[in-house]
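A look at the structure
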Amino acid sequence: MSLDWERHSEVVAYTFLEAFSQLEKWTADESIQKSEFFNELEAYWNGLPGALRGRSAFEVDEVDRLITAHVKDEVKKADGTGERKKVQRWCFTERGAEIPKVFFVDSAQTKRGLYLHLPEVPSPPEFPNVLTADFLEGVRARLSVSQLALWTEFLSTSKSTSKQLVLFISTPRAAGGRSLIGVVFSAKDHQVQSDQPVTPITVRRQTAAYMRERGGASLDLLGKHVAVVGCGAVGSFVADTLASAGVGRLTLVDFDVFSEDNVFRHVLDERYVGFDKVWGLKIRLEQQYPGLKVDCAVKHAQDWLCQDVMADLDGVVLAIGSPTLERLLSRRFKMVQRQLPVVFTWLEAMDLGGHSVLTSTRGEGCLECLYRDEEGAQSLLPRTAFLEQNQRVTRNLTGCASVFVPYGALQARRTGLMAADQLLGAITHGTDAPAYQFWVGTGTAAQAQGLKTTNWWRRAPSVSQSEATASVFGRACKHCRGHV
Ligand SMILES: [Zn+2]
């Protein structure tokens, strides 16, 4: 919504009229009223007096089951007054599971919990809006035979001493998704104690499926498996982008160790110095993206490819930064029997730009297609090069053991993002036509160094990606398009 600051009274009048017409609509139709209310059930529940809020690690699905409640008493300093007050920290896990580290709750008491999915829940209290044991009775009356058996088992722990229990109920929302509400209550002699407090509770759902869906990650990509070969600056951003988009499984291939040289242009931070890059990324990415599984191959790309690794992959991104090796690997990929998208990505020195090439293990188009001159003869400089050949671009700060090509994190991020996007497009839409994508930087730093750029770099900003693709592919290539 965008409001016009100049028209106060009209904005207020419009808001009132809109609210009035909504009320009119709902009053006229009780079914709308009810579904609107139940769409907001969780918020209403959270607003009931004395409502507690916890965290949950169990998925909100349609499987009725016993769960475990964990509670820890804490003394908290109230703001300003310096007064201390007792608070309870609640969290919930699958039965018997440990509390996830990210909840920051240790040495908690455990209590029995029950999770049930109901097509409809009894109406919550309205006037007064105080929860009582009547609500639990209402729930019990709606249970199926198998749910009643679970309910009996749930209450069976309480003999002569009173025990605190937690019940969670999920119910479908007309607007999509599921509401989840909970009740903390006491039981004794297999009965709910109606003279004890019945407290509403809601939770933050810290589960892989919920956080993925809510965070815009694709649930369809959860079952996909992508290999990222080369986990330097560009490769690390490719892996991070794929994981954040929702890809559920990554295989990371790199033999290199993370060093202090890499910190400012890599996903990993200083704590990972001395780690194998792939192991560092596994720890870092699995922590960041719940539900992600990362496999590590501390290997050179060519050794990894010798194994039978293609069987369960859905795509590969190569970000090795070595054209010679990547051309060799490109030829190997053309021998793979399965149809699989393969993206090659690399960046140019300084701030000139970056490239990403989508190919497929089957059909026409390969990395070798780029290494052709105008006449179609083999060339060592790709048609896509932004920099004229035979120029010195490397620098070193401490001697020849630390030779590097200067470029920044921005260049690496932008290139990695482009490559990940290209592969995700191929996986999602099943496209296998070869495509060339690029981005062009300002080249200011490169020019200041006196570096000579190619005609293509100067033309590139005014050329569309499809024109560029057509000029790169479609020529004779003995590796993918018949012998010449
Ligand atoms: Zn080719």
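Note: the structure precedes this text.
Here is a short report on the structure shown in this document. Note that the structure is predicted; figures quoted are calculated from it, not measured.

Section: the coordination of the zinc ion
Distances from the zinc ion to its protein donors, Cys 366 (SG), Cys 369 (SG), Cys 477 (SG) and Cys 480 (SG), fall within 2.2 to 2.4 Å. Each of the four donor atoms around the zinc ion contributes to a set of angles spanning 92 to 125 degrees, which defines the coordination as tetrahedral. Read N to C, the donor residues that coordinate the zinc ion are spaced as C-x2-C-x107-C-x2-C. Taken together, the residues span a long stretch of sequence, with Cys 369 in the loop between strand S14 (353–360) and helix H11 (409–429) and Cys 480 in the segment after helix H14 (465–472) at a distance of 111 residues.

A few points about the sheet that holds strand S12 (residues 315–318)
The strand order across the open sheet formed by seven strands is S11-S10-S9-S12-S13-S14-S15, and the pairing between neighbours is mixed. Edge positions in the sheet fall to strand S11 (293–297) and strand S15 (435–440), since each of these pairs with one other strand and no more. Sheet twist, expressed as the average angle between the axes of neighbouring strands with direction ignored, equals 15 degrees. Relative to S11, helix H8 (residues 277–288) is tilted by about 175 degrees, and along the sheet it contacts strand S10 (249–253) and S11.

Structural notes on the nonpolar core
Counting 45 residues, the largest nonpolar core has Trp 304, Met 310, Val 316, Phe 333 and Tyr 436 as the members making the most contacts within it. Breaking this core down by element, the ones donating at least two residues are strand S9 (225–229), helix H9 (301–306), S12, helix H10 (323–333), strand S13 (341–347), S15, helix H13 (455–459) and H14. Beyond its immediate sequence surroundings of up to four residues, Tyr 436 is in contact with His 355, Ser 356, Val 357, Thr 384, Phe 386, Gln 422, Trp 456, Gln 465, Ala 468, Thr 469, Val 472 and Phe 473. Of all hydrophobic cores here, the second largest spans 36 residues; its members include Val 234, Leu 252, Val 267 and Val 278.

About the cut-offs
Residues numbered from 1 in each chain as written. Predicted model: local features only at pLDDT ≥ 70, side-chain atom pairs only at ≥ 80, totals over all residues. Heavy atoms only, no water. Donors = N, O, S within 2.8 Å, 3.2 Å for Na, K, Ca; no water. Tetrahedral: all angles 85-135°; square planar, octahedral: opposite > 155°, others 65-115°. Helix = DSSP H or I, 4+ residues; strand = E, 2+ residues; numbered from the N terminus. Pairing = 2+ DSSP bridges. Axes fitted to C-alpha atoms, helices over the stretch in contact; angles between N-to-C directions. Contact = heavy atoms within 4.5 Å. Core = buried A, V, L, I, M, F, W, Y, C linked by side-chain atoms within 4.5 Å. Buried < 20%, exposed > 50% of the residue type's maximum accessible area, 1.4 Å probe, protein only.

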